[in-house]
Amino acid sequence: MLESLFTDPVLKEAIRKFTRTRKIKKDETLFTPGDKVIFIPIVQKGVLRIVREDNEGREIFLYHLYPAQTCAMAINCCEAGKESMVKAIAEDDTEVILIPVNLMEDWFRFPEWRTYINQTYSSRFAELLGVIDLIAFSNLDKQILHYLRKRAGALGTDTLNITHQQIADELHTHREAVSRLLCTMEEKEMVRLGRNEIRLLSS
């Protein structure tokens, strides 16, 4: 997957020689806030969910990483020599390619690598602006629906095995509020609620 992104034979050889692959089970964490960033992960198969976590363990969903995508937050921490500021969780069984941080600067001599990193920053920045807009300007019901659609889209399904508490944790709100709004959404035939299960009925 990663090698198909590039055509430079020297870069492709470096990828084969210096990277390694790691498999992550569904719901397993790749890294958490405070971890030392020693590699840049690029998704090979599956999906990673990136969330921001505060000192009290409260989380907010930021974006997903799909095959051939990497985490701009990890790149930023790598370049700045900082610890991780986000958590990366496998949405499903996932495989990532790990690029050692000491190769980041050296690989900038490859135009294709520079383009890839710059495009990563651009796309993730746009997604983060969307998250900020959603939090700042949208009601909680729209935030919940957006979150459910993103999670369902990442898994390629219309049904999520998820609790109201999990949604509340990642949207940084109260479970009671989430439950109340989900019931309202069910009355509007937007979702169907089951035991630890939510099915999306509208696009």
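Each remark here, short or long, concerns the structure printed above.
In this report, the structure presented in the accompanying data block is examined. (Residues numbered from 1 in each chain as written. Predicted model: local features only at pLDDT ≥ 70, side-chain atom pairs only at ≥ 80, totals over all residues. Heavy atoms only, no water.)

### Quick look at the overall build of the protein
The cut-off we apply is this: A run of H or I in DSSP becomes a helix once it reaches four residues, and a run of E becomes a strand once it reaches two; helices and strands are each numbered from the N terminus. Computation of the radius of gyration draws on C-alpha atoms alone. For the globule rule, the value is 2.2 Å times the number of residues to the power 0.38. The buried label goes to any residue with under 20% of its type's maximum accessible area, the exposed label to any with over 50%, and the partly exposed label to all in between, with areas taken from a 1.4 Å probe on protein chains only. Contact definition: two residues touch when any of their heavy atoms are within 4.5 Å. For every accessible area listed, the method is Shrake-Rupley and the probe measures 1.4 Å; residues are considered covered only by the protein chains on display. Positive: Lys, Arg. Negative: Asp, Glu. His and the chain ends are not part of the count. Charge positions come from single atoms, namely NZ of Lys, CZ of Arg, CG of Asp or CD of Glu.
Regarding its fold elements, the protein presents seven helices and 10 strands. A compact globule built from 203 residues would reach a C-alpha radius of gyration of about 17 Å, and the protein, at 18 Å, matches this within 12%. When its C-alpha atoms are laid out on the principal axes, the protein stretches across 60 × 30 × 25 Å. Out of the 203 residues in the protein, the part that is buried amounts to 41%. The contacts of the protein with a sequence gap of at least 6 include a subset with a gap of at least 24, amounting to 70%. About 11000 Å² of surface is accessible on the protein, with carbon and sulfur atoms providing 49% of the total. A gap of 2 Å separates the mean positions of the 28 positive and 30 negative side-chain charges of the protein.

### What about the packing of aromatic side chains?
Formally: Between rings of Phe, Tyr and Trp, where Trp is taken as its six-membered ring, a pair exists when centres lie within 6.5 Å; planes separated by under 30 degrees are stacked, by over 60 edge-to-face, and by other angles tilted.
Evaluation of the coordinates by the stated rule reveals five aromatic pairs. Ring geometry for Phe6 against Trp113: centres 6.1 Å apart, planes inclined by 50°, an arrangement best described as tilted. Of the two residues, Phe6 is situated in the segment before α1 (9-18) and Trp113 in helix α4 (residues 111-137); the sequence distance between them amounts to 107 residues. Side by side, Phe6 and Trp113 carry an identical accessibility label, which is buried. When the ring of Phe6 is compared with that of Tyr116, the centres are 5.8 Å apart and the planes differ by 80°; the resulting orientation is edge-to-face. Of this pair, Phe6 sits in the segment before α1 while Tyr116 sits in helix α4, and the two are 110 residues apart along the sequence. The class for Phe6 is buried, based on a relative accessible area of 3%. Given the relative accessible area of 9%, Tyr116 is considered buried.

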